[in-house]
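Architecture and fold: a report
Here is how the chains run, residue by residue.
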Amino acid sequence: DRLLFFVFETCATMTSAALPAKVSLPLYQADAFASRCFSGNPAAVVLLGFDQKLTADVMLAIAAENNLAETAFVRPLRGPVHHDSPFAANNRFGLRWFTPTREVPLCGHATMATAAVLMFAVGNTNNSLTFETLSGDLTVARDADLLAMTLPLNPCVNQDVEEYRKLVNLTVGSLPVKDCAYSATTKKLLVRLGDAVTRAQLEALKPDTKAMMAAHTTDKIRGVMVTVASSGDASDGSYDFLSRYFAPWNGIPEDPVTGSAHTVLSEYWARKLNKRELQARQCSKRGGDLRIRVLGAAGDADPKVEIAGPATVVISGTMYVTL
């Protein structure tokens, strides 16, 4: 009997040790800059417990599995208070963002999506949430029917377009280019089209993103913003400027609506138009509107920009991950 018991105990221990750990993670999807589903920019949001930490490799694998432009991982920075959920009670969280191919230092739409999940799906009643990120503390506040994010304002510096001619041509084809600028902080290249270029021409662009990647391999640029001043006609609505954003170097051929790109576009257009409040439209197929308030100048010690829009939660479920 003793021998049988020993064998059983040993086999059970070995089997248990050999089995990989499986964890269940709450998983949501929210459309940022969207008042209805199937528009704006979708992001996956994974909720991690207060003392639950995943390796970067596991988070990257989850992001690749989701296969969206961004997957956000959010964790409360303190445990539950009494019997309240830490996601419902806290107003401060840790936040990281992953594309299907890498971690990124800033993602606006996934930050908005995370706030939407916490406020609209989980039941967080705070008027403002703060997220500790690789780009510092970011806040998202309720603003009537919108969510308003306060993000760093990222300046760009004018460039000689000839330095990037091949990449620019692959992106915008034969359309005229009026200006070219670069944001070193975000590694984004801004290409401003001539003022006569229409919204329809911007929307018709079909860049070869694989050729774009082949044309630039130094990691100086991870995304190209194509932008044009609004013509002011009826088709442009009340927008000050229009844009599209391509980031194949981050595994994103085209991003539908991009908060981080608008931290650069806001600084550029605020200078060019001498306006601190702007209305913008990102003209991807899904598309989205952004209300922008520049809160500081590029020369300030810590300039900020408020970017606001609607958001809606479209999916909730559980992801089972084997570690």
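Residues numbered from 1 in each chain as written. Predicted model: local features only at pLDDT ≥ 70, side-chain atom pairs only at ≥ 80, totals over all residues. Heavy atoms only, no water.

**Describing the overall build of the protein chain**
The criterion, for reference: In DSSP terms, a helix is any run of H or I states spanning at least four residues, a strand is any run of E spanning at least two, and both are numbered starting from the N terminus. For every residue, the accessible area (1.4 Å probe, protein chains only) is compared with the maximum for its type, and the residue is labelled buried under 20%, exposed over 50%, or partly exposed between those bounds. The contact rule is simple, with two residues in contact once any of their heavy atoms fall within 4.5 Å. Here the open area of atoms and residues is found with the Shrake-Rupley method and a 1.4 Å probe, where only the protein chains shown may cover a residue. Residues scored as charged are limited to Lys and Arg (positive) and Asp and Glu (negative), so that His and the chain ends carry no count. Lysine's charge is taken at NZ, arginine's at CZ, aspartate's at CG and glutamate's at CD.
The helix and strand inventory of the protein chain stands at 8 helices and 18 strands. Dimensions of the protein chain along its principal axes, counting C-alpha atoms only, are 90 × 45 × 35 Å. Across the 323 residues that make up the protein chain, the buried fraction comes to 51%. Look at the contacts in the protein chain between residues 6 or more apart in sequence, and 66% of them connect residues 24 or more apart. Accessible surface, the protein chain as shown: approximately 14900 Å² in total, 53% of it carbon and sulfur. Within the protein chain, one finds 32 positive and 32 negative side-chain charges whose respective centroids are separated by 2 Å.

**Quick word on the pairing of strand β14 (residues 252-255)**
Counted only if it meets this: We call two strands paired when DSSP finds no fewer than two bridges between them.
Across 2 bridges, strand β13 (residues 241-247) lies against β14 in antiparallel orientation. Each residue of the ladder has a partner; that of Ala247, found in β14, is Ile252. Between β13 and β14, which pair antiparallel and follow one another directly, the connecting turn spans 4 residues, one of which, Gly251, has a positive phi of 80°.

**A word on the side chain of Asn124**
Heads up, the condition is: N or O atoms within 3.5 Å of each other form a polar contact, as long as, within protein, one can give a hydrogen and the other can take it, and as long as residues adjacent in sequence are counted only when both atoms are side-chain atoms.
As for its placement among the helices and strands, Asn124 is situated in the loop between α4 (108-122) and β6 (128-133). In terms of polar contacts, Asn124 uses its side chain to reach the backbone carbonyl oxygen of Ala88, at 3.4 Å. A polar contact of 2.8 Å, which involves the side chain of Asn124, links it to the side chain of Asn126. Excluding anything up to four places from it in sequence, Asn124 contacts Phe87, Ala88, Ala89, Asn90, Phe93, Leu118, Met119, Leu129 and Arg142.

**Some words on the environment of Thr139**
Within the secondary structure layout, Thr139 lies in strand β7 (residues 136-143). On the basis of relative accessibility, which here comes to 26%, the residue Thr139 falls in the partly exposed class. Along the sequence, Thr139 and Phe87 sit 52 residues apart, while their C-alpha atoms lie 16 Å from each other. Leaving out residues up to four positions away in the same chain, Thr139 has contacts with Ser128, Leu129, Thr130, Ala148, Met149 and Thr150.

**Regarding the nonpolar core**
Selection criterion: Side-chain atoms within 4.5 Å link the members of a nonpolar core, which is a set of buried Ala, Val, Leu, Ile, Met, Phe, Trp, Tyr and Cys residues.
One finds Trp97, Phe131 and Ile292 to be the most contacted residues of the largest nonpolar core, which totals 57 residues. Broken down by element, the residue count for this core peaks at 8 residues, all from α4. Ignoring sequence-local partners within four residues, the contact set of Phe131 consists of Val74, Phe93, Leu95, Thr111, Thr114, Ala115, Leu118, Gly136, Asp137, Leu138 and Val140. Val172, Val191, Leu205 and Val224 belong to the second-largest nonpolar core, a separate cluster that totals 24 residues.

**Details of α4**
Note the following rule: Any helix carries an expected span of 1.5 Å times its number of residues minus one.
Compared with the 21 Å implied by 1.5 Å per residue over 15 residues, the 20 Å span of α4 between its first and last C-alpha is a close match. Where burial is concerned, most of α4 is hidden: 12 out of the 15 residues are buried. Taken as a whole, α4 has its buried residues at Gly108, His109, Ala110, Thr111, Met112, Ala113, Thr114, Ala115, Ala116, Val117, Leu118 and Met119. Within two residues after α4, Gly123 carries a phi angle of roughly 100°, on the positive side.

**Some remarks on unusual backbone geometry**
Unlike most non-glycine residues, Phe33 shows phi in positive territory, near 60°. Examined against the element boundaries, Phe33 turns out to sit in the loop between β1 (22-32) and β2 (41-47).

**Thoughts on the confidence of the model for the protein chain**
In low-pLDDT regions, the fine details of the predicted coordinates are not to be read closely. Applicable threshold: Per-residue confidence from the prediction method is given by pLDDT, with values spanning 0 to 100.
Taken as a whole, the protein chain shows an average pLDDT of 91; of its residues, 90% reach a score of 70 or greater. Long-range and interchain partners of residues 1-17, a stretch whose pLDDT sits below 50, account for 0 contacts in this model, where long-range means more than four residues apart.

**Side note on the packing of aromatic side chains**
The cut-off we apply is this: Here a pair means two rings of Phe, Tyr or Trp (six-membered ring of Trp) with centres within 6.5 Å. Their orientation is stacked below 30 degrees between planes, edge-to-face above 60, and tilted elsewhere.
One pass over the structure, following the stated rule, counts 5 aromatic pairs. Seen from their ring centres, Phe73 and Phe98 are 5.7 Å apart, and the 90° between their planes marks the pair as edge-to-face. Of this pair, Phe73 sits in strand β3 (residues 71-76) while Phe98 sits in strand β4 (residues 92-98); the two residues are 25 residues apart in sequence, bridging distant segments of the chain. Through a chain of ring-to-ring contacts, three or more aromatic side chains come together here, namely Phe87, Phe93 and Phe131.

**Regarding helix α2 (residues 56-66)**
In an α-helix, one full turn covers 3.6 residues, which means residues spaced three or four apart are oriented alike. Just so we agree on the cut-off: Relevant arc is that of directions from the helix axis to the C-beta atoms, nothing else.
Here α2 has its buried residues at Met59, Ile62, Ala63 and Asn66. The buried residues of α2 occupy an angular sector of 100° when the element is viewed end-on, so they sit on one face. Structural note: α2 exposes Asp57 and Glu65 on the side pointing more than 90 degrees away from its buried face. Where α2 is buried, its residues meet β1, β2, β3, β4 and β18 (311-322).

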